[in-house]
Amino acid sequence: MANLLYDALFGCHAGQDTPFLHLPDGRTLSHDAFLRMAARYAHAMTAEGLAPGDRLAAQIDKSPQALAIYAACAQIGVVFLPLNTGYTTAELDYFIGNSGAKLVLSSDRVSDALAPVAAAYGAALRTLNADGTGSLTDLARDLPEVFDTVSRAPDDLAAFLYTSGTTGRSKGAMLTQANLVSNAQTLAECWRFTSGDVLLHALPIFHTHGLFVASNVTLVAGGSMIFLPGFNIDQVIAAIPRATTMMGVPTFYTRLLEDDRLTADLTAHMRLFVSGSAPLLAETHEQFETRTGHRILERYGMTETNMNTSNPYDGERRGGTVGFLLPGVELKITDPATGDTVETGEIGQIEVRGPNVFKGYWQMPEKTAEELRADGFFITGDLGRIDEDGYVTIVGRNKDLIISGGYNIYPKEIELILDDQPGVLESAVIGVPHPDFGEAVVGLLVARPGETVSTDAIMAALGDQLARFKQPKRLFVVTEFPRNTMGKLQKNILREQFAGTFSPS
Ligand code: MLC
Ligand code: AMP
């Protein structure tokens, strides 16, 4: 009877009275207390009728209880489907319908709005709030603190993470138990995580970075986390002296650098800062080292593959690169037209294969076949090169994607909505440099002949349909779009024209 995910991350800590989660109110939850809470939720979820292979869709705030839901899913073999807390009801409708989730978890704040959606798909709805209260907790309260772990095969699904697509339709990336465990073990080893580590955790736990990298790595190593609800600069600065490691998106590092309290003294107890999810500017790298003496370790990954490359723990952490292949991961740079591997040093599309690579997109065999080759190589959509020393550099993307503050935003999804707005003939959504988010979303609109477009009314209309982080920070009306001789819209020209939108004047 084995369950790789539960055993490697959670079960191995049963009975350990060692610290696991340090909370903002000063309380610390031990590994064992966390597992007992997870077992109660496992019983509650079973009472709700969940069985191995079912999906649980959770749009819940970050809390120890939210992480315990992940553990409970692993223990009963349910596929965990965490959802960005910023998603609107309209966005959730798609995820719940597409995944066929049997149970939906939300906060009480949004449960009234979500009830008709859950009902429409025949899913049960329970609540879990940021403070740990809610109807699922009520159900779990008096249930046993031990649960018989359900046996699962390493290739069984552990989680779905939805990623948007260039067509505007989100795809559920199916991750197996073995995908998650192999990557967590590899990273823990490469980054020298031990039970003595205290990770400063300020990331959301509904994406790969905060859940499968930060939390899983800490869990396999048996360490603890300072578990903050989000990136609040005062809380982060206060926590740094008690931590040994931190993982963050580049915005975390630029925000820290803007604060005079970030000093070598403040970070003296730290052994490792990791960055990923978006490009870290070489300049940020250098400024951080000058100020603190720490060289940030940059790594590269994605939802479909977990982590692929990492700069070395020992050895040169080269700014502007994402380092070497992780053990067990194969990576090749290919010509997008032919699929042939290019010469060392040449730019091409990045393809990866390994135990970390997902199983495909949920119920989308055609999409899966387009991106996951029959021989197991996944076409990432990133463009890069490998130099003679083996360092991988990402130079761009072969996909129309904006990464803002570490969140992926697919222009197509926004354009489809903008095109439907009154007076709009066509739209183009681009990413332009932004001092805080790295890139920010700008929407450009062309009006129908003889009609006017109200950018204010359109911004208001987007509120119900798109999560706040996806909404354009600015909308502009232009007379026409630049096109090449084939009539194809040239976004590169628009990006240049609007590059200064957020420059400090
Ligand atoms: C918040 N806003 C954003 C935004 N985050 N807009 C664009 N991009 C973002 N990332 C909006 C808010 O709704 C708000 O809108 C305004 O911008 C300012 O918000 P804020 O208070 O300054 O933002 P904050 O809450 O502090 O959040 C910023 C952040 C957060 C950077 C801390 O976005 C974050 O935690 N990002 C991490 C994302 C992440 O985990 N990515 C990993 C994906 S996994 P208004 O107008 O209402 O004020 C992956 C694979 C891999 O990519 O390799 O790791
Ligand atoms: P997601 O689909 O949200 O998992 O985002 C994955 C994408 O983030 C990758 O395909 C890359 O484009 C980007 N990404 C992740 N890490 C890095 C990094 N260190 N540097 C540049 N881009 C990155």
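Just so it is clear, the structure is predicted and the values come from calculations on it, not from any experiment. (Residues numbered from 1 in each chain as written. Chains lettered and ligands numbered in written order. Predicted model: local features only at pLDDT ≥ 70, side-chain atom pairs only at ≥ 80, totals over all residues. Heavy atoms only, no water.)

## Describing helix 8 (residues 208-221)
The sharpest bend along helix 8 reaches about 25 degrees and sits at serine 215. In terms of burial, helix 8 is a largely internal element, 13 of the 14 residues being buried. Of the residues one or two after helix 8, glycine 222 is the one with positive phi, at around 80 degrees. (Bend = angle between axes of the 7 residues up to and from the residue. Helix = DSSP H or I, 4+ residues; strand = E, 2+ residues; numbered from the N terminus. Buried < 20%, exposed > 50% of the residue type's maximum accessible area, 1.4 Å probe, protein only.)

## Structural notes on the site of ligand 2
Taken together, 16 residues surround ligand 2, and among them Glu298, Arg299, Thr303, Asp382 and Asn408 come closest. In the environment of ligand 2, a nitrogen atom lies 2.9 Å from a nitrogen or oxygen atom belonging to the side chain of glutamate 298. Burial of ligand 2 by the surrounding chains reaches 91%, relative to a free accessible area of 490 Å². Split by residue class, the shell around ligand 2 holds 7 nonpolar, 4 polar and 5 charged. (Near = heavy atom within 4 Å. Polar contact = N/O pair within 3.5 Å; in protein donor to acceptor, adjacent residues only side chain to side chain. Areas by Shrake-Rupley, 256 points an atom, 1.4 Å probe, with all protein chains shown as cover. Nonpolar A, V, L, I, M, F, W, Y, C, P; charged D, E, K, R; others polar.)

## Quick look at the side chain of serine 99
Take serine 99: it is sitting in helix 4 (residues 89-99). Taking relative accessible area as the criterion, serine 99 reaches 1% and is therefore assigned buried. Contact partners of serine 99, with chain neighbours within four places excluded, come to Arg55, Leu81, Phe160, Tyr162 and Trp362. (Contact = heavy atoms within 4.5 Å.)

## Things to note about unusual backbone geometry
Phi at arginine 192 takes a positive value of approximately 60 degrees, unusual for a residue other than glycine. Following the sequence through the fold, arginine 192 ends up in the loop between helix 7 (177-190) and strand 9 (198-201). Owing to a relative accessible area of 42%, arginine 192 belongs among the partly exposed residues under this scheme. For glutamine 363, which is not glycine, the phi torsion reads 55 degrees and is therefore positive.

## Quick look at the site of ligand 1
If you check the shell around ligand 1, you find 23 residues, and the closest are Ser277, Arg299, Ser404, Arg468 and Lys473. Residue serine 277 places a side-chain N or O atom 2.6 Å away from an oxygen atom belonging to ligand 1. A distance of 2.7 Å separates an oxygen atom of ligand 1 from a polar side-chain atom of arginine 299. Compared with its free state, where it exposes 1000 Å², ligand 1 has 72% of that area covered by protein. At the level of elements, helix 8, helix 10 (250-257) and strand 13 (297-302) are the ones that each hand at least two residues to the shell around ligand 1. Among the residues forming the shell around ligand 1, the class breakdown is 10 nonpolar, 9 polar and 4 charged.

## Concerning the packing of helix 4 against helix 5 (residues 108-120)
Between helix 4 and helix 5, whose axes approach to 10 Å, the crossing angle comes to 30 degrees. Handedness of the helix 4/helix 5 crossing: right-handed. Note on element contacts: helix 5 touches helix 4 through Ala113, Leu114 and Val117, opposite Thr89, Leu92, Asp93 and Ile96. The residue inventory of the contact of helix 4 with helix 5, partitioned by class, reads 5 nonpolar, 1 polar and 1 charged. (Axes fitted to C-alpha atoms, helices over the stretch in contact; angles between N-to-C directions. Left-handed = near helix turned anticlockwise from the far one by under 90°.)

## Re the sheet that holds strand 2 (residues 28-30)
Ordered in space as 2-1-10-9-11-12-13-14-15, the 9 strands form an open sheet in which the pairing is mixed. Of all the strands in the sheet, the pair left with one neighbour each is strand 2 and strand 15 (324-325). When strand 14 (residues 306-310) meets strand 15, the two strands line up antiparallel, connected through 2 bridges. Across the sheet, serine 310 pairs through a bridge with phenylalanine 324, a residue of strand 15. (Pairing = 2+ DSSP bridges.)

## Details of the side chain of serine 63
Residue placement: serine 63 occurs in the loop between strand 3 (55-59) and helix 3 (64-76). Assessed through its relative accessible area of 3%, serine 63 is described here as buried. Contact partners of serine 63, with chain neighbours within four places excluded, come to Asn129, Ala130, Ile205 and Phe227.

## Looking at the packing of helix 10 against helix 11 (residues 282-292)
The interhelical angle for the contact between helix 10 and helix 11, taken along N-to-C directions, is 45 degrees, at an axis separation of 10 Å. Here helix 10 is positioned oblique relative to helix 11, judged by the angle of their axes. The chirality of how helix 10 crosses helix 11 is left-handed. Contacts from Tyr253, Thr254, Leu256 and Leu257 of helix 10 reach helix 11 at Thr284, Gln287, Phe288 and Arg291. For the contact of helix 10 with helix 11, a count of residues per class yields 4 nonpolar, 3 polar and 1 charged. (Parallel < 35°, antiparallel > 145°, perpendicular 65-115°, else oblique.)

## Points about the nonpolar core
For soluble globular proteins, the rule of thumb is that nonpolar side chains tend to be buried together. Ranked by size, the top nonpolar core spans 111 residues in total, and within it Phe34, Met45, Leu56 and Ile69 carry the most contacts. Counting contributing residues per domain, this core is built from domain 1 (4-179) and domain 2 (321-398), each supplying no fewer than three. Phenylalanine 34 has contacts with Phe10, Phe20, Leu21, Leu29, Pro64, Leu67, Ala68 and Ala71, leaving out every residue within four places of it along the chain. With 35 residues, the next largest nonpolar core counts Tyr162, Ile402, Ile409 and Val441 among its residues. (Core = buried A, V, L, I, M, F, W, Y, C linked by side-chain atoms within 4.5 Å. Domains from an automatic or database assignment.)

## Considerations on the packing of aromatic side chains
Throughout the structure, instances matching the rule amount to 23 aromatic pairs. Ring geometry for tyrosine 87 versus phenylalanine 95: centroids 5.0 Å apart, planes at 35 degrees, classification tilted. This pair shows no difference in class: tyrosine 87 is buried, exactly as phenylalanine 95 is. Taken together, Tyr87, Tyr94, Phe95, Phe160, Tyr162, Phe206, Trp362, Tyr407 and Phe469 form an aromatic cluster joined through their ring pairs. Its end group placed over the ring of phenylalanine 227, lysine 62 keeps NZ or CZ at 4.8 Å from the ring centre. The aromatic ring of phenylalanine 377 is capped on one face by lysine 332, whose charged end is 4.2 Å from the ring centroid. (Phe/Tyr/Trp six-rings, centres within 6.5 Å; stacked < 30°, edge-to-face > 60°. Lys NZ or Arg CZ within 6 Å of the ring centre and 35° of its normal.)

## Quick notes on the domain arrangement of the chain
The assigned domain composition of the chain is domain 1 (4-179), domain 2 (321-398) and domain 3 (401-497). Averaged C-alpha coordinates put domain 1 and domain 3 at centres separated by 34 Å. Contact residues are listed per partner, giving 11 residues for domain 1 and 13 residues for domain 3. Between domain 1 and domain 3 the total buried area reaches about 880 Å² when both faces are included, carbon and sulfur atoms providing 54% of it. Applying the counting rule to domain 1 against domain 3 returns 1 salt bridge. Residue classes in the side of domain 1 that touches domain 3 are distributed as 2 nonpolar, 8 polar and 1 charged. (Buried area = accessible area lost by both parts, 1.4 Å probe. Salt bridge = Lys/Arg side-chain N within 4 Å of Asp/Glu carboxyl O.)

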